[in-house]
Structure formats: structure tokens, C-alpha cells
Amino acid sequence: MAFMNISGWKISGVAAAVPRNVEENSDYEHLSSIERKFLIKTTGIERRRVAPKNIVTSDLCEVAANALLDKLKWEREDVDLIIFVSQSPDYYLPATSIILQNKLKLSSNCLAFDIGLGCSGYVYGLSVIASMISAGHLKKALLLVGDVSSSTVSYTDKSTYPLFGDAGTATAIEYDEHATAHFNLKSDGAGHEAIIIRDGALRNMVTKDSFEVKQVSEGISRCALDLELDGLEVYDFSVKRVPVMIKELLDSIDRTAQNYDYFVMHQANKIMNETIRKKIGFSADQTPYSLKNYGNTSSASIPLTICSELNNSLKVGKNRMLLSGFGVGLSWGAVDLELNNCICLPIIEV
Amino acid sequence: MGRYRYKILSMDIEDFLEKIKAEFVEDYDLGSLGADDNIKNMDWWSSMHALVIIALIDAEYDIMLEPSEMRNASTVRELFLIVKNKKG
């Protein structure tokens, strides 16, 4: 396990951008109307934002970052570090973060690199930035996190298409000698096939067979370039291992659910999330959801939920937060931190 | 004693079956579903329905079904016996 107590950094602001286009799950014609109703009831997902072909993850993150930089009145040359966390980069290479360094007009003294993670990516990304900022040489950083998952799912796959929405986010982090946070991070590659896109990288390069759509089971047809998600395995992993990891973290810092103002977890689906919430003893009031209007937004789901549900609650005063991301990899983690007068912008539509 | 034990199992499985039906009653007609029927043969069945049953069993019986157990069980009775065996 990776317990890390990292001092010297704080989150100053969060922004999130989503595509303007909305898809309603009640209109998902691949399912019967009865199945759509059941899907909405069990997943909690009524609608999702879906990007058109000309908008990619970095575009959404760029919009969020610009809005956040303007709101915080940060000078661009003062940003020392940007990290882009996504499973939907612009290109194989170069790293998308470096392209964003240019688009955001940041200094060439700014460090920039990508992290290829999904649902756990926000917490992992915070741990990396926190580690780099805490040394004291870097003062200001941007964590850009998001995915356009809609580009990777098959319309004729009822186990994925109606779950995923698109979003890009920006989180501003700066040096603060008085602040501390506590992380617990884990990974298990034995579960790598639970959520996977099989073709398109080096293990299985693209061939014409990659495009062949095959029926996997009733209501599930996809090609090898589409996302596969084993719902049973992912549920089993999430409800067994995430609560254990969170309890380990809380025990290590002698805290309980009652010590927190909010618990913001990755927005997977309502059944899974509610099972986790109850297992670790957080109340419904402590646990905001963005599932209903945005779906599963992968790595962006934690900052998106903060902006969509807590943007008024967090801007004044101190709030103790528990954040937890879990999913593809398998990879999972949580962070205990305090937000102090944190700027959270309302959701931006692109 | 054997007949008494059968009655206990019989009452329990009826309760188990009714709990499963209750999860889906708002959306599907499961009135004729019996203990020896395979709910996964329903044409609307999906992994989401499996998750609903797994979550129900977790909440009601404090038992976590493994994904393989859910996949391999054919009838409601087989699911019930897995839960019963795990309960001890």
C-alpha cells in the first residue's frame, strides 16, 4: 500500500468543462423503453454530455484551465507544472500536456507530462503534483484531468454506451507550508481485462479485423477498438477493495466518516456507489452525485462533481474532504485533504 | 427432523424468491417466476440485473457473491443454495 502524508500544498481552485450536446438515456433506442427505465433507475444516469468529433479531451481541459487561471488571476508565466491525466490523449505522441503548455501560453520553464490513468487518475494526479510541489521549488501547478469516453464506446453495447459522459477539468494547486494531505494508493494489474480497449496500441495493432463488429451477447455488439467493461468484475472489485482501502486510510490518520464535510467518489453507477458509501459509513448528505446529469466521466468525475454539486458550499471557509477514485487498471486510491476558501467555478459548456 | 429442516429451507427460499421479485416488480412481470426457473433466460437480462441481485444479497444477507458464482448459477434455487452455504 502507498500511504503518503504530503505537506506543503493546497488546492486553490477547480473548474470543469463539458460539451453542450446532451444525450438522454430515455432516448437510447438500442434498449426497449422498459429496459431504459430500469437502466436509469439502477445506474442513476439520466443524461450525459457527448462531445462532437471536433472536440477532444484537451479542448475541454483547455477551456477549464483558461477560466480557472483568469478567475484566480494567476500570471501564466508563474505556472511551474502541468500534468494531463487521461486515457484519451490527442495523439500517441507527443504528450498532450506539452501541447496544452503551448495553447495555454505557459512559460517554457513549465514542466509538462501526461499520466495515462482513468477513474483513479484525479487522486493519483494530485499525489504526483503534491509530491513535486511539496519540495518547495515549484509554487503553482495545474492538474488537467478528463476523458472523451463517448469516442470509445459502441452504440450497440448496452453495458457501456449509456454509462459514459465527457468532461475535462482543471485544478489549480499551489505551495502552502501549512497544508497537509494523506493518500492511500493501490494497483492490481491482474484485473486489467475488466476494463479494456483491446486493439489500437502495440499489444494488438490495428488491422482490418479490429473494425469487425461482433455480437458478444444479447444487446452487446462491439469491435476490438471499442471499450469492453465486465460489469460483474468491476462491481466486485469496487465494493470489496475500495471500502477496505478507505478504512485503511482513515485508520492511519485516526479519522472516521463523522470527521468529514464531504466524500466525493468517482461516479461509476448508483448501485455501486451507494454500496460503497454505506460500507464506509458516510451519510447521503455528505456524498454528492453528478451521475444523474453527467454519467460516468472517468477521471474527471471527482472534480466535475465538486464543481457541479459543491461550487457554492466550498468557496467560503474550511471543508474536510475525502476523495476516492477507482477503476480501470485496476487502480484505486483516496486522499484526505482540507479545502480552504476553494474557488469552484460553475460548469462551463463548450 | 428431516421434514422440519426441509420446511425451514422451503420457507427461506420462498422469502429469497420474493425478495428477488420485489427488486424487479416495478419494471418487469415476474409473477410466475419460480425457484427452479432461470431468471437469466429473460430476454431483458443483463449484467446490470445481476448487479441488482448481488447488491440485494449483500444488503439482505451480508453475503458477497463472486462474479463466477453469479455467472454459473442457473436457477434462483442455485443462487439461494450458494447464499445458504456461505451463511453457514
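Everything here concerns the structure above.
Described below are features of the structure shown in this document. (Residues numbered from 1 in each chain as written. Chains lettered and ligands numbered in written order. Predicted model: local features only at pLDDT ≥ 70, side-chain atom pairs only at ≥ 80, totals over all residues. Heavy atoms only, no water.)

Time to look at the interface of chain A and chain B. With 21 residues of chain A in contact, the opposing surface of chain B contributes 24 residues. The contact between chain A and chain B buries some 1900 Å² in all, and 62% of this surface belongs to carbon and sulfur atoms. Linking chain A with chain B are seven salt bridges, by the criterion used here. Across the pair Lys41(A) and Asp27(B) runs a salt bridge whose closest N-O atoms are separated by 2.6 Å. Of all the elements in the fold, those that place two or more residues in the side of chain A that touches chain B are helix 1 (33-43), helix 5 (231-252) and helix 6 (270-280) of chain A. Considered class by class, the residues forming the side of chain A that touches chain B number six nonpolar, five polar and 10 charged. (Contact = heavy atoms within 4.5 Å. Buried area = accessible area lost by both parts, 1.4 Å probe. Salt bridge = Lys/Arg side-chain N within 4 Å of Asp/Glu carboxyl O. Helix = DSSP H or I, 4+ residues; strand = E, 2+ residues; numbered from the N terminus. Nonpolar A, V, L, I, M, F, W, Y, C, P; charged D, E, K, R; others polar.)

Attention now moves to the pairing of strand 9 (residues 214-217) of chain A. All names here are of chain A. Here three bridges tie strand 9 to strand 10 (residues 220-222), and the two strands are oriented antiparallel to one another. Note that in strand 10 the partner of Gln215 across the bridge is Ser221. Connecting strand 9 to the antiparallel partner strand 10 that follows it, the hairpin turn spans two residues, and Gly219 within it adopts a positive phi of roughly 80°. (Pairing = 2+ DSSP bridges.)

A cis amide bond links Leu93(A) to the next residue, Pro94(A), at an omega of 5°. Its place among the elements puts Pro94(A) in the loop between strand 4 (81-85) and helix 3 (96-103). If you check the backbone angles, Asp254(A) has positive phi at about 55° while not being a glycine. For Asp254(A), the location among the structural elements is in the loop between helix 5 and strand 12 (262-265). Here the phi dihedral of Asp62(B) falls at roughly 60°; this positive angle occurs in a residue that is not glycine. Looking at where Asp62(B) falls in the secondary structure, it is placed in the loop between helix 2 (47-61) and helix 3 (67-72).

What follows concerns the pairing of strand 5 (residues 111-115) of chain A. Direction of pairing for strand 4 of chain A relative to strand 5 of chain A: parallel, over a ladder of five bridges. For Ile83(A), the partnering residue across the bridge sits in strand 5 of chain A and is Phe113(A).

This brings us to helix 5 of chain A. Residues and elements named next belong to chain A. The end-to-end C-alpha distance of helix 5 is 31 Å, a good match for the 32 Å that 22 residues give at a rise of 1.5 Å each. Remark: the principal bend of helix 5, roughly 25°, maps to Ser238. Just past helix 5, the residue Asp254 takes up positive phi, approximately 55°. (Expected span 1.5 Å × (residues − 1). Bend = angle between axes of the 7 residues up to and from the residue.)

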